Amino acid sequence: MKPCLEIDHMWKRMGKFKLIDISMRIMVGEYFVVLGPSGAGKTLLLQVIAGILQPDRGRIIIDGVDVTKAPPEKRNVGYVPQNYALFPHLTVFDNIAFGLKLKRLSREEIQEKVREVAEKLSIEDLLYRKPGTLSGGEAQRVALARALAIKPKLLLLDEPLSAVDPVLRWEVRDYLRRVHREFGTTVIHVTHDFTEALALADRIAVLNGGKVEQIGPPYEVFYKPRSEFVAWFTRTGNIYKGRARPIGNGLSIVEVGPLSFTVCGEYEGKVAISFRPEYVTISKSKIKSSARNEIEGEIEDYIDEGALILLKIRSMGLEVKAYITKSSFSDLGLKQGERVYLYIKASQIHVIK
Amino acid sequence: MSRELVFFSTFSSILVLFLVIPLVICLVVGGPHIVEIASDLEALDAMRLSFYAGVTSSLLITSFGTPLAYLLSRKKGMLANIVESFLEIPLALPHSVAGIMVLLAYNSRAPLGLLLSNLGIIIEDSYWGIVFAMAFVSSPIFITAMRAGFDSVDIELENVARSLGASEIETFFKISLPLAFRHLVAGFILSLARAISEVGAVMIVAYYPKVVATLIIERFLGYGLRAVLALSTVLALVSLTVFAILRFLLKGGE
């Protein structure tokens, strides 16, 4: 597979904020999510890719062509900003036709292409309305249609779900997946919501303070975070600093305060460990388990999150979070103040050096 | 009624009455004399001249001021701030001083005036002198209105237009200008109203041919209040109509 976009050691200063030495390769047809908190530099990165801003250093290569100095109109990159930015003085049809008219296509060709993209996105009935009369969801579809009509090499989506009603978010997420499949366009989607990234991405780049913390497939980013920030931001839940020492057989012990965790791999010195709450098994009494880590603690609090319940367990001053299904919670008859045993497999504890 | 409301209403109504009473009295007293203007050829000529010169001045300001207002709205930085400060100078000057500045810079013996006179533009006591004086004092009004118009256009609209293949110029003409068009019209009308009402700068640069504002001063000084009643009332009516149109245009977009 060949790269659609290559960012090569790119720096960009904007006031006091800067993007620092960003490098990434996005493959043709990939759905790539840039994940990060507000102020991480996600929108700035998109604007540099779109050519709205020029980088201070480094190169931007689209489809093998160095476009670092090229203006946005020479890049063939579709851009859908957070507020969709539909042209309010034009009808939906003219919004979609905007880029096609600039390509000096004939009237018939424009009609045909607008209808084609409108049909694929199910917005044929909106074509003669003005943007001001559209709902948020409709406006989003029109903005997508407008960007896709020019058959861009790359589609940039800035927080596409942030303005969508939370009830409709799943629906829109599925819609984006369908659009990506149907058009086959390479997508860069920027978001601060890790569930969105998990659901949509082929690969994720985690951005923080203008720096890329980690790039990889969702599984890797969520289960093998490369930094404490990534672990925290992807709601790993359990992150602790400790001191490691190898104990042979490819295992190490990490001492976190009074607790010791056995982990896979040989580590020495200061490390951080993380494990997701869904990897913790809970029992009211001691059980025989293959898990090497057993912790005894007391349920301090629990939060009903719908399908699952998040337990907060205190063990020798350390808070450990664990997920349990609602039915297990009631079957075990768990309550606040109850003493429980937690089991975590060594292989499911991730070590961050 | 609360005490706060009484306090605010009292002060507000005093100022409103202070502004409205002269206008109402002018219309009531001068209204019956309006017909006199129909046979006053000098006044009709002066009004026509004021209108033509005002429109020429506003068209020139619109042509040169629109790109300038766009630049001021989009390009931030020291240079933009300096340019903006200079543009506001005519607002702070006594208008007679503005007239003297225009005369000094563009009279036919000054280097720039020589260049202009080669193009057939001589400003001393001429139509072009009136236009120059009007343009000098009314430019800031147009630029302020137009800049506010461009400021109100979401920059993301321009970014999207560029990403769809539009150059900066195409984006300006297809997106920014149409969206700020109401402000362009408003700026045009405001600068036209300002130009027509200008007297100080115009009298210094071009006393002749006489514009209506000069004529009113001349008649008032020569013959007193009664002599300018009809003309003043007509001008007041014209100004009111202009502002009614302006408000309608601005409301229309809300």
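The rules behind each value
- Residues numbered from 1 in each chain as written.
- Chains lettered and ligands numbered in written order.
- Predicted model: local features only at pLDDT ≥ 70, side-chain atom pairs only at ≥ 80, totals over all residues.
- Core = buried A, V, L, I, M, F, W, Y, C linked by C-beta atoms within 7 Å.
- Buried ≥ 20, exposed ≤ 12 C-beta atoms within 10 Å, placed from the backbone.
- Helix = DSSP H or I, 4+ residues; strand = E, 2+ residues; numbered from the N terminus.
- Contact = placed C-beta atoms within 7 Å.
- Domains from an automatic or database assignment.
- Nonpolar A, V, L, I, M, F, W, Y, C, P; charged D, E, K, R; others polar.
- Pairing = 2+ DSSP bridges.
- Right-handed = clockwise from strand over helix to strand, strands pointing away.
- Expected span 1.5 Å × (residues − 1).
- Axes fitted to C-alpha atoms, helices over the stretch in contact; angles between N-to-C directions.

Colleague: Got a minute to help me understand the nonpolar core in this structure?
Modeller: A:Ile49, A:Leu156, B:Phe132, B:Ala133 and B:Val202 are the most contacted members of the largest nonpolar core, which has 133 residues in total. Ranked by the residues each element gives to this core, the list is headed by helix H7 (residues 127-151) of chain B, at 15 residues. Every residue in contact with B:Ala133, bar those within four places of it in the chain, is listed here: B:Gly99, B:Val102, B:Glu198, B:Ala201, B:Val202, B:Val205 and B:Ala206.

Colleague: Could you clarify how one ought to interpret the domain arrangement of chain A in this entry?
Modeller: Many authors give the size of an interface as the accessible area that is lost as the parts come together. All names here are of chain A. When its domains are assigned, chain A resolves into domain 1 (3-233) and domain 2 (238-352). For domain 1 versus domain 2, the distance between C-alpha centres works out to 39 Å. Every contact between the two is made by eight residues of domain 1 and, on the other side, six residues of domain 2. Counting residues per element, the side of domain 1 that touches domain 2 draws most heavily on helix H8 (residues 228-233), at three residues.

Colleague: Which parts of the structure should I look at to understand the interface of chain A and chain B?
Modeller: The partner chain B presents 16 residues to the 18 residues of chain A that form the contact. Among the elements of the structure, strand S6 (77-80) and helix H2 (92-102) of chain A are those that each provide at least two residues to the side of chain A that touches chain B. Its residues assigned to classes, the side of chain A that touches chain B shows 12 nonpolar, four polar and two charged.

Colleague: Explain helix H6 (residues 111-118) of chain B to me, please; I cannot follow it from the model alone.
Modeller: At 3.6 residues per turn, the α-helix brings residues three or four places apart onto the same side. The element H6(B) is barely covered by neighbouring structure, given that only zero of its eight residues are classed as buried. Positive phi appears at B:Gly120, one or two residues downstream of H6(B), with a value of about 85 degrees.

Colleague: Sorry, what's going on with the environment of B:Arg147 here?
Modeller: Residues and elements named next belong to chain B. Residue placement: Arg147 occurs in helix H7. According to the C-beta neighbour criterion, Arg147 is buried, with 24 such atoms within 10 Å. Along the backbone, Arg147 and Ser108 are 39 residues apart, and their C-alpha atoms lie at a distance of 33 Å. Dropping the residues within four chain positions of it, Arg147 is found in contact with Ala69, Leu72 and Ser73.

Colleague: Would you mind going over the pairing of strand S8 (residues 186-191) of chain A with me for this structure?
Modeller: If a strand is regular, its side chains alternate between the two faces of the sheet. Residues and elements named next belong to chain A. Burial analysis of S8 places six of its six residues in the buried class, the great majority of the element. For strand S3 (residues 31-35) and S8, the ladder comprises five bridges, and the chain directions are parallel. Across the sheet, residue Leu35 finds its bridge partner in S8, namely Thr191. Here strand S7 (residues 154-158) pairs with S8 via five bridges, running parallel. Each residue of the ladder has a partner; that of Leu157, found in S8, is His189. Regarding the hand of the β-α-β motif, the stretch spanning S7, helix H5 (residues 169-183) and S8 is right-handed.

Colleague: Please clarify how helix H12 (residues 212-223) of chain B should be interpreted in this entry.
Modeller: Compared with an ideal rise of 1.5 Å per residue, which puts 12 residues at 16 Å, H12(B) spans 16 Å between its outermost C-alpha atoms and is within 8% of the ideal. Residues B:Val212, B:Ala213, B:Thr214 and B:Leu215 constitute the buried set of H12(B).

Colleague: Help me out: how do you make sense of the sheet that holds strand S11 (residues 238-248) of chain A in this one?
Modeller: Hydrogen bonding along the main chain pairs the strands of a sheet, whether they run parallel or antiparallel. Residue and element names in this part refer to chain A. Pairing within the open sheet is antiparallel, and its five strands lie in the order S13-S12-S11-S14-S20. Either end of the sheet is taken by a strand with one partner, and the two such strands are strand S13 (259-264) and strand S20 (350-352). Recorded for the sheet is a direction-independent mean angle of 45 degrees between the axes of neighbouring strands. Here S11 pairs with strand S12 (residues 251-256) via five bridges, running antiparallel. Counterpart to Pro246 in the pairing with S12 is Ser252.

Colleague: Looking at this structure, how should I read unusual backbone geometry?
Modeller: A negative phi angle is the norm for most residues apart from glycine, just as the trans form is the norm for most peptide bonds. Of note, the bond from B:Tyr208 into B:Pro209 is cis; its omega dihedral lies within 30 degrees of zero at -15 degrees. Structurally, the position occupied by B:Pro209 is in the loop between helix H11 (200-205) and H12. Positive phi values are uncommon outside glycine, yet A:Asn249 reaches one of about 55 degrees. On the secondary structure map, A:Asn249 appears in the loop between S11 and S12. Positive phi outside glycine occurs at A:Met316, with the angle close to 50 degrees. With respect to the helices and strands, A:Met316 occurs in the loop between strand S17 (308-315) and strand S18 (318-325).

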